[in-house]
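Each chain is listed here by its residues.
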Amino acid sequence: MRNRLFKLTFIFTIVIILLTMLFIYQNSVVSQDDTDSETIVALNEIGQLADENNYTLMNEKIAALQDELRTDKPSKGGFYLPVFFAGFSIIFMFTVLGYVYIAILKPFEKMKKYADKIAVGDFDLPLDYERSNYFGEFTWAFDSMRREITKARACEKEAVENNKTVIATLSHDIKTPVASIRAYSEGLEAGLDSSPEKRSKYLKVIMKKCDEVSALTNDLFIHSLSDLDKLKIYPEETELCSFTKSILDELSADKNDIAVVSSDFTAVISLDKNRYTQLVENIINNARKYAKTKIEVSFALNEKYAEIRLRDFGSGIPDEDMPFIFEKFYRGKNCGNEQGSGLGLYIVRYIARQMHGDVTLLNSSSGLEVTIKFLRTS
């Protein structure tokens, strides 16, 4: 495009020069014709005076004609004026050409080269831009697009790595309870359950390990979703206190490590019962795994929200972990040798928010308190 503009400018320059030369030539020819006509008229007058024998006036005319022919010179204005305008036009045209090249063509060529680099996948090179030129806003938008693409690629790479990590972690976590199930099953097969108590113990361990495997496969299923918004929520009107107590009764079984503080009110909220059960199970299992203490459950009510509070009496979560504890795959420094994927609290908060609720954690001198609140419907 730059070469085409230069060629076009060169052609216009040649045209201006040729038109100027033609104008000067025609002007000089017209001036010469006017001089010749005046000379012929003057000679005719002298001839008439000679025929009339008026020699005195004839001599004056001849002298005047001689003086006029001696002093008559070509008009300078007829030459310099067209040259001036031609030169001005050429200078103006080259000035416009320079401006167009600097302000438009040069930034455009820079953008074209940059686009070629983007096309081959080079997203690391930043694009310098000036908002003052015609392409400033466009260049800024183009560079913003490059940054977004770079960010998206980095997130995609991180997601792939996270997928590998969580799959490896969950696979490892599943192996442990499966190994226990196999060991106790082999014990039953070998007849090592010599008493009903021993047999009952073996069966309880097997069932417990099956529950652990089930929980891990649930985590794996949720993680396998490319987006958690694909997790369907089916809410229905539910009385919070009574339904939560029924969940806790099942979770407590023979452990007797859950104490429920009775409430003297009813709180109806909109819940997906299955997802809410999963939420409570995650919190209880976390408390059992990391705090290893009794768990106290209580309820609270205000004009807008109904709350369930679950408190353990362990050491809590380190303060430096608190800002990140709800992030996917994050595990706190107090996890020790306990196996886990770092998905529990992430899933808990997501499910709560999908049901128009929220989850907060609070460390205290007596342990960690988890508060889940939901909007009341009545």
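Residues numbered from 1 in each chain as written. Predicted model: local features only at pLDDT ≥ 70, side-chain atom pairs only at ≥ 80, totals over all residues. Heavy atoms only, no water.

Draft legend 1. Seen up close, the sheet that holds strand S6 (residues 357–364). Taken in spatial order, the five strands of this open sheet run S2-S4-S5-S7-S6, and their pairing is mixed. Each of the sheet's edge strands pairs with one partner strand only, and the pair in question is strand S2 (258–260) and S6. In this sheet, adjacent strand axes meet at a mean angle of 20° when their direction is disregarded. Relative to strand S5 (residues 305–312), strand S4 (residues 295–301) is paired through seven bridges, and the arrangement is antiparallel. Its bridge partner lying in S5, Ile 295 is registered against Asp 312. (Pairing = 2+ DSSP bridges. Helix = DSSP H or I, 4+ residues; strand = E, 2+ residues; numbered from the N terminus. Axes fitted to C-alpha atoms, helices over the stretch in contact; angles between N-to-C directions.)

Draft legend 2. Molecular detail of the pattern of salt bridges. This model, assessed by the stated rule, comprises six salt bridges. Residues Glu 186 and Arg 182 are paired through a salt bridge, measuring 3.1 Å at the closest nitrogen-oxygen approach. Of this pair, Glu 186 and Arg 182 both sit in helix H4 (residues 136–189), four residues apart, which is roughly one turn of that helix. With a shortest N-O distance of 3.4 Å, Arg 311 and Glu 369 are connected by a salt bridge. Separated by 58 residues along the polypeptide, Arg 311 in strand S5 and Glu 369 in strand S7 (residues 367–375) bring together distant segments of the chain. For Glu 369, a relative accessible area of 16% corresponds to the buried category. (Salt bridge = Lys/Arg side-chain N within 4 Å of Asp/Glu carboxyl O. Buried < 20%, exposed > 50% of the residue type's maximum accessible area, 1.4 Å probe, protein only.)

Draft legend 3. Representation of the packing of helix H6 (residues 240–252) against helix H7 (residues 273–291). It is the contact of H6 with H7, at a shortest axis distance of 10 Å, that shows an interaxial angle of 50°. The angle between the axes of H6 and H7 places the two elements in the oblique class. Helix-helix and strand crossings are classified by hand; for H6 and H7 the assignment is right-handed. On H7, the residues that touch Leu 240, Phe 243, Thr 244, Ile 247, Leu 248, Leu 251 and Ser 252 of H6 are Lys 273, Tyr 276, Thr 277, Val 280, Glu 281, Ile 284 and Arg 288. The residue inventory of the contact of H6 with H7, partitioned by class, reads eight nonpolar, three polar and three charged. (Parallel < 35°, antiparallel > 145°, perpendicular 65-115°, else oblique. Left-handed = near helix turned anticlockwise from the far one by under 90°. Contact = heavy atoms within 4.5 Å. Nonpolar A, V, L, I, M, F, W, Y, C, P; charged D, E, K, R; others polar.)

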